[in-house]
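# Remarks on the overall topology
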Amino acid sequence: MEQVIRTEHLRKSFQNGGKEVEVIKGIDLEIHEGEFVSIMGPSGCGKSTLLYMLGGIDSPTSGQVFIHHEDMNRMKDKQKSKLRRKQIGFVFQFYNLVQNLSVAENILLPLTMDGKKAKDYQHELDDILQTVGLLERKNFTPRELSGGQQQRVAIARALIMNPKIILADEPIGNLDSKSGQDIMQLFKTINKEKKITILQVTHAQDAAEYGTRIIQMLDGFIHSDKKVAHTSVE
Amino acid sequence: MKSVIKHIVINLFEKKFRTFIVLLTVCLSTLVVFIGLSLNGIIKDTYASMLKGAYGDTNIIMSKSSDNPLYEKHDIVLPDIPIETRNDMLFTQGKTTIKDKKIDVILVGLDAIDAEASGLLNKTQQMDGFKLQQNRAMISNNTAAKYDLQLGDPISIDTGEEKWKFIVGAISKTQGVFFSEVDAISLAVSQEQVNNILDTTDKVNTSYLTVPENKLSEAIQFLKTNNADFHIQNQSTAANAHDGDTFETTMILAILTIVLISSYIIFSLAKLIVVERMPVVGTFRSIGASKKLIHFILTLEFLFYGLIGSIIGFTAGMLLLPYVADLFNAYKDLGVETEVSYSFTYICIAFLFGALFPAVISHFQISRLNKRPLKEIILNTQQTSQKHSIIPYILGLILLITAFGLYGINQKDDLLLGILSILCLFISIVLWMPGFLNLVSKGLNRLFQSIGSGEFLLGVKNLGNNKIASNNSNMIIVVFILLMLVGMIADGIDQYLHKSLVKDYDIAITDIQDVKPYENVDELDNVSDAYAQHVNIAETVIGNQSESFGVIGVDDLEAFDSFYSGITLQQDAKEQLNKTDNGIILDEYQLERFNLQIGDEIVLQPLDQNLEPMDGKDTKVTAAIVGSMESLGFSQNRATALVNLNYFHDHFMETMSQINLKAIPDADLEQLKQDIRYHYPDSDMSVHTFDDILETQKSTIDSLILGMTIIVLLGLLIGILGISNNLLVSFIQRKKEYAVLYSVCMSRGQLVKVLLVETCLTFISVVVIGFAGSMAMNVIMVRLLYAIGLRIDFQFNSSLFFILTAVVFILLLLSILSIIRKIYRMNIIENLRFE
Ligand SMILES: Nc1ncnc2c1ncn2[C@@H]1O[C@H](COP(=O)(O)OP(=O)(O)OP(=O)(O)O)[C@@H](O)[C@H]1O
Ligand SMILES: [Mg+2]
């Protein structure tokens, strides 16, 4: 299968009080089209940091990230942003919505920034709102939504451009188990039907098992990397 | 509690720039308030000290108001009140030539001992055994320095028929009788010698008296009744009659503006700081700190800003005051020292303003913050979206209507109503601004929905609904309009002087009690035309407004009309005045202002030299209005009134009479001035050219304009500080927003594009709203300016508008450049995580 993401000797360190602390300590990873990968690991082991680097939001201290065989280090800011817009949908641990825009405007943001007209996508918008169950809250501002609802807006925003890859940092961390299951089911469906590659960070074993592969991280290293033995019934 | 304080102190040091700006704003406002308040008093004191320099302790000046101005000392009937000092003097004129230079000389015959005792002389050098006797003279150290004269030098004086030789026997400080040596020098000599020159014995023509201040009015009353043919002037009213009124009002208006600007800036800063403190407040509240404690600690922080800022501010104010006051000393050329005094009250007011104002303002902000649900405070949900409530708009509309309503009602140009209506307009603009920006944003959004790029549309949206973006525009517009306000007043004052007055004469003879002795002045060489103007000041009160008219008694209206082109008589006013004995012609502005019609009657109270009712009692005159005129070019306060000369003589007295002369083309006016003085050697008249008069007016007004300019500049400085702070802080507040946008879908270039769109729109809105607001101000301000006596048609100050526009442009440009730099350097990840 087509390789979508690959990293080579990926390292990241932070300056902390004059001391350099290495957080990602050389990660080599390959992810193929259509995979649904769950990254797990104790708090602070570097999961979010890894995800940011994969999405081109942060740059590694050394090593490379390839998206569709293209070296991210060599991309200009503009190319990277285009990549993020078109190929990658990002869902953040802290929802990160634009506060002064409505739900609909937030979701359509990547479209409009890609030079498309919002009004041509009303149908897609409604579809996606339907999917995340926020059709009635279309014109609310983020402030007027609960944490879980905001997370769902963020997910809708990640999906609107039909990206090839979704990077989700604890997408259901703030949701009740029912909504969480719904979102996971949604992920699974789009993963299957649209062949969208999904990479999620999660702390919950049952959420991880929606995926096809589980990577355990420990202190900046990949501790284990296994395929999921599918036992769950759809 | 300790930890909260520690946090705040750390914050103060970390946000050095912010702390600096807050302190500077507080410091500048304190400074301006202090200097502004002190300046009025200082200018008055300086004027008083100028008068004191000229007249010593004298508080009554007497001279004779008839054809023969000479009298003997005992002609004056004195009241039974102790006279502290008395100086009887005899003035005459002559000429001398020093080093081939022809110089006018005023000879003052006086008693040196008496004069020195009352401060009219002050010897600094003298020859051995000097006495002011035959052929001895005293000069000022100014003259000594200017013409290089020493003790023992001879001066020869030409009085027309004869030549007199004097020896310089003493040199005095330049005060008292030497005070006004501008284009002539004064020579103090013995009285007998001046009597010799004039071929008289024991005569004098001016007497200076000093009586105890509490007996002054009694003394004047007595002198008036018992010395009918004398002209009696109250020197202490002269000190108060200084044209400080307009000055004071304008100054106070300007100070108010600065206070408004600083208040607004401090207000916005307080808001920002309070918002910024939210996370800490949240954390502390979540672990159990009470609302009260938080409130107390935050207020403490602002108190700290206030205290430090105002201490620096008023210390700087105290240090600067002498220099600033010196700038406003219009009499420096005359050697008057600036009288700097520090008023405890003003220090207190300035200090209290600076120290407490920030705390009070922040108090409201903190209360608002504390009202928010605890959950929001703790979670610190970033509140960048703008809430649009309807109440401010309704309030704004009501205020707008009130502003124009007051404008309509305020027919009589009441000052208070004028200020009130401007204030209403101003607040209504401030209240409407967010709505206006929202409207612009919505409109543009709709307009460009299908053609605008995503970046453009996002920028447009932010202008309307992003609190921080619209806050910036708000602040700029507020400062902009306030400065336009001050600027337009300053411009009005400037126009008042430079553009409205028509030069209808070349030389004026003033300070005369009676025009008769001078009526033959047109026989002098080089004089082409002369007009003797009989003038009295009369007061009228209509409604609750009063106005002082300069009433002119006119003999031949034709001659008057052709002499003065600054006055245009309307329709048949001339014929009507000729027909009606008690007729009066007023400026059309006054008719409109007091809602008077032709045929109405007006009651006038003539005032004497001391601006008290004539003869000390109610001597009101009722005149019938027979016509109107346009007199702006003649006198800028448009308060001239014309009556028939006979009527004038019957009911008014000549207090401000003057003779205006036109010279033949290319005549040497300085020479003509000397000729006139020479022609009337024993008169105490003043002779000035039109340009001299304009110059003295100009110096007062120029210092006023200077004051206003300084205030505009200070306001601009405070404004720029506040705005640039706001712009930079807004970046800090929006970092997270930018980070989100970046991480989701935008390149840094696109972020910059959005920012550019916002900034351009801000600039355009500022220009548009600033223009509209200033136009409205321009209409409403007419009442205010008319109320303070500037009755001119004044226009929108377009040059100031362009300057301010340019300043805003540069400011935005600079701030945007620094923000762009920051966007490119911003660490996205750090901002994506928590705050
Ligand atoms: N900007 C930064 N500066 C310094 N250290 C950082 C920075 N960002 C992350 N770290 C450190 O890197 C480590 C990994 O952080 P990261 O956010 O990737 O953890 P995580 O695995 O996502 O944890 P969690 O499950 O709690 O979200 C942490 O120890 C953190 O302290
Ligand atoms: Mg994480």
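Notes on the structure follow. Please read these numbers as outputs of a predicted model, since none were measured by experiment.

To continue, consider the overall build of chain B. Helix and strand content of chain B: 24 helices and 22 strands. In chain B, which comprises 835 residues, the proportion classed as buried is 56%. Taking contacts inside chain B between residues at least 6 apart in sequence as the whole, the part at least 24 apart equals 82%. Accessible surface, chain B as shown: approximately 36,100 Å² in total, 58% of it carbon and sulfur.

Residues and elements named next belong to chain A. Two elements in contact, helix 3 (residues 103–113) and helix 4 (residues 122–132), have axes separated by 11 Å at closest approach and are oriented at 115°. Comparing their axes, helix 4 and helix 3 come out roughly perpendicular. Seen from above, helix 3 lies across helix 4 with right-handed handedness. Contacts between helix 3 and helix 4 involve Val103, Ala104, Ile107 and Leu108 from the first element and Gln122, Leu125, Ile128 and Leu129 from the second. The class makeup of the residues in the contact of helix 3 with helix 4 is seven nonpolar, one polar and no charged.

Applying the stated criterion to the full structure yields 29 salt bridges over all chains. For Asp608(B), the salt bridge is made with Lys224(B), and the minimal N-O distance between the two is 2.5 Å. One end of the pair, Asp608(B), is in the loop between strand 18 (601–607) and strand 19 (621–630); the other, Lys224(B), is in helix 6 (residues 216–226), and 384 residues separate them in sequence. Put simply, Asp587(B) and Arg638(B) hold a salt bridge, and the shortest N to O gap is 3.3 Å. Placement of the pair is Asp587(B) in strand 17 (residues 583–587) and Arg638(B) in the loop between strand 19 and strand 20 (640–644), with a sequence separation of 51 residues. An identical accessibility class is assigned to Asp587(B) and Arg638(B); each is buried. Here the salt bridges share partners, and the residues they tie into one network are Glu35(A), Arg213(A), Asp225(A) and Lys227(A).

Moving on, we come to the site of ligand 1. Neighbouring ligand 1 are 15 residues, the closest being Ser43(A), Gly44(A), Lys47(A), Ser48(A) and Thr49(A). Lying at an intersection of chains, ligand 1 is approached by residues of chains A and B. One nitrogen or oxygen atom from the side chain of Ser43(A) is found 2.5 Å from an oxygen atom belonging to ligand 1. At 3.0 Å from an oxygen atom of ligand 1 is found a main-chain nitrogen or oxygen belonging to Gly46(A). Coverage of ligand 1 by the protein chains reaches 75% of its 640 Å² of free accessible surface. Within the residue set of the shell around ligand 1, elements represented by two or more residues are strand 1 (3–16) and helix 1 (47–54) of chain A. In terms of residues, the shell around ligand 1 owes the most to one element, helix 1 of chain A, which gives three residues. Taken together, the residues of the shell around ligand 1 break down into three nonpolar, eight polar and four charged.

Tallying the contact residues gives 36 residues for chain B and 26 residues for chain A. Of the roughly 2,800 Å² buried where chain B meets chain A, counting both sides, 59% is carbon and sulfur surface. When the buried surface of chain B facing chain A is broken down by residue, Val744(B), Cys745(B) and Ile829(B) rank first, second and third, together holding 19% of it. At the boundary of chain B and chain A, one finds two salt bridges. Put simply, Arg748(B) and Asp77(A) hold a salt bridge, and the shortest N to O gap is 4.0 Å. Here chain B and chain A share eight residue pairs in polar contact (both at pLDDT 80 or more) between them. For the side of chain B that touches chain A, the secondary-structure elements that each account for two or more residues are helix 14 (454–465), helix 21 (690–744), helix 22 (748–787) and helix 24 (828–832) of chain B. Of all the elements, helix 21 of chain B adds the most residues to the side of chain B that touches chain A, at seven residues. Looking at the side of chain B that touches chain A, its residues break down into 12 nonpolar, 16 polar and eight charged.

Attention now moves to the sheet that holds strand 9 (residues 213–218) of chain A. Residues and elements named next belong to chain A. Ordered by their spatial adjacency, six strands build an open sheet running 6-7-8-3-9-10, and the pairing between neighbours is mixed. Pairing within the sheet leaves two strands with one partner each, and these edge strands are strand 6 (88–91) and strand 10 (221–227). Averaged over all pairs of adjacent strands, the angle between their axes in this sheet comes to 15°, without regard to strand direction. Relative to strand 9, strand 3 (residues 36–40) runs parallel, the two being bridged by four bridges. Looking at strand 9, one finds that Met40 is bridged to Gln216.

Residues and elements named next belong to chain B. By secondary structure assignment, the location of Asp506 is in the loop between helix 15 (467–498) and strand 13 (507–510). Within the buried core, Asp506 has no salt-bridge partner, and the shortest N-O distance to an opposite charge, that of Lys503, equals 4.1 Å. Excluding anything up to four places from it in sequence, Asp506 contacts Leu661, Lys662, Ala663, Leu669, His688, Thr689 and Phe690.

Residues and elements named next belong to chain B. Two numbers describe how helix 2 (residues 16–55) lies on helix 9 (residues 291–327): the axes approach to 7 Å, and their chain directions differ by 40°. Between helix 2 and helix 9, the crossing angle belongs to the class labelled oblique. Relative to helix 9, the crossing made by helix 2 is right-handed. The class makeup of the residues in the contact of helix 2 with helix 9 is 19 nonpolar, eight polar and no charged.

Now for unusual backbone geometry. Residues other than glycine predominantly adopt negative phi, and peptide bonds predominantly adopt the trans conformation. Residue and element names in this part refer to chain A. Phi at His69 is positive, roughly 70°, even though this residue is not glycine. By secondary structure assignment, the location of His69 is in the loop between strand 4 (62–67) and strand 5 (70–71). For Glu170, which is not a glycine, the phi torsion comes out positive at approximately 45°. Checked against the element boundaries, Glu170 lands in the loop between strand 7 (165–169) and helix 6 (177–193). The class of Glu170 is buried, set by a relative accessible area of 15%.

This part is about the pairing of strand 3 of chain A. Residues and elements named next belong to chain A. Extensive coverage of strand 3 is indicated by the burial of five of its five residues. In the sheet, strand 3 pairs with strand 8 (residues 197–201) via four bridges, with the strands oriented parallel. Across the sheet, Val37 pairs through a bridge with Leu199, a residue of strand 8.

Take the side chain of Gln191(B) next. Residue and element names in this part refer to chain B. Looking at the element boundaries, Gln191 is found in helix 5 (residues 191–198). Only 3.3 Å separates the side chain of Gln191 from the backbone oxygen of Gly109, close enough to count as a polar contact. Setting aside chain neighbours within four positions, we find Gln191 in contact with Lys73, Asp88, Met89, Leu90, Gly109, Leu110 and Val204.

With that settled, consider the nonpolar core. Met484(B), Ile489(B), Met777(B) and Met781(B) are the most contacted members of the largest nonpolar core, which has 101 residues in total. Counting 56 residues, the second largest nonpolar core, distinct from the first, contains Leu167(A), Val201(A), Val744(B) and Leu755(B).

Another point: helix 14 of chain B. Residues and elements named next belong to chain B. In this model helix 14 runs 16 Å from its N-terminal to its C-terminal C-alpha over 12 residues, within 8% of the 16 Å that 1.5 Å per residue would give. Burial of helix 14 is extensive: 11 of the 12 residues sit out of reach of the surface. Looking at helix 14, one finds that the buried residues are Gly454, Glu455, Leu457, Leu458, Gly459, Val460, Lys461, Asn462, Leu463, Gly464 and Asn465.

A separate point is helix 12 (residues 391–409) of chain B. Residues and elements named next belong to chain B. Helix length check: helix 12 (19 residues) gives 26 Å between terminal C-alpha atoms against 27 Å at 1.5 Å per residue, within 8%. For helix 12, the complete set of buried residues consists of Tyr393, Gly396, Leu399, Ala403 and Leu406. For helix 12, the arc enclosing every buried residue in end-on projection is 150°, short of the 170-degree limit, so these residues lie on one face. For helix 12, the exposed residues lying more than 90 degrees away from the buried face are Ile391, Ile401 and Ile409.

Within the secondary structure layout, Asn227(B) lies in the loop between helix 6 and strand 12 (230–234). A C-alpha to C-alpha distance of 9.7 Å links Asn227(B) and Met62(B), two positions 165 residues apart in sequence.

Further remarks concern the sheet that holds strand 4 of chain A. All names here are of chain A. The strand order 2-1-4-5 describes an open sheet built from four strands, whose pairing is antiparallel. The open sheet has two free edges, formed respectively by strand 2 (19–32) and strand 5, since each of these has just one partner strand. Helix 1 rests against strand 1, strand 2 and strand 4 of the sheet, and its axis sits at about 125° to strand 1.

Moving on to the pairing of strand 15 (residues 545–554) of chain B. Residues and elements named next belong to chain B. Judged by how many residues are buried, strand 15 sits mostly within the fold: eight of 10 residues are covered. Where strand 14 (residues 527–542) folds back onto strand 15 in an antiparallel hairpin, the turn is made up of two residues, including Gly543, whose phi is positive at roughly 65°. The sheet contact formed by strand 15 and strand 20 spans five bridges and is parallel. Paired with Val554 across the bridge in strand 20 is Asn644.

Scoring rules and cut-offs
Residues numbered from 1 in each chain as written. Chains lettered and ligands numbered in written order. Predicted model: local features only at pLDDT ≥ 70, side-chain atom pairs only at ≥ 80, totals over all residues. Heavy atoms only, no water. Helix = DSSP H or I, 4+ residues; strand = E, 2+ residues; numbered from the N terminus. Buried < 20%, exposed > 50% of the residue type's maximum accessible area, 1.4 Å probe, protein only. Contact = heavy atoms within 4.5 Å. Areas by Shrake-Rupley, 256 points an atom, 1.4 Å probe, with all protein chains shown as cover. Axes fitted to C-alpha atoms, helices over the stretch in contact; angles between N-to-C directions. Parallel < 35°, antiparallel > 145°, perpendicular 65-115°, else oblique. Left-handed = near helix turned anticlockwise from the far one by under 90°. Nonpolar A, V, L, I, M, F, W, Y, C, P; charged D, E, K, R; others polar. Salt bridge = Lys/Arg side-chain N within 4 Å of Asp/Glu carboxyl O. Near = heavy atom within 4 Å. Polar contact = N/O pair within 3.5 Å; in protein donor to acceptor, adjacent residues only side chain to side chain. Buried area = accessible area lost by both parts, 1.4 Å probe. Pairing = 2+ DSSP bridges. Lys, Arg positive; Asp, Glu negative; His and termini not counted. Core = buried A, V, L, I, M, F, W, Y, C linked by side-chain atoms within 4.5 Å. Expected span 1.5 Å × (residues − 1). Arc of directions from axis to C-beta.

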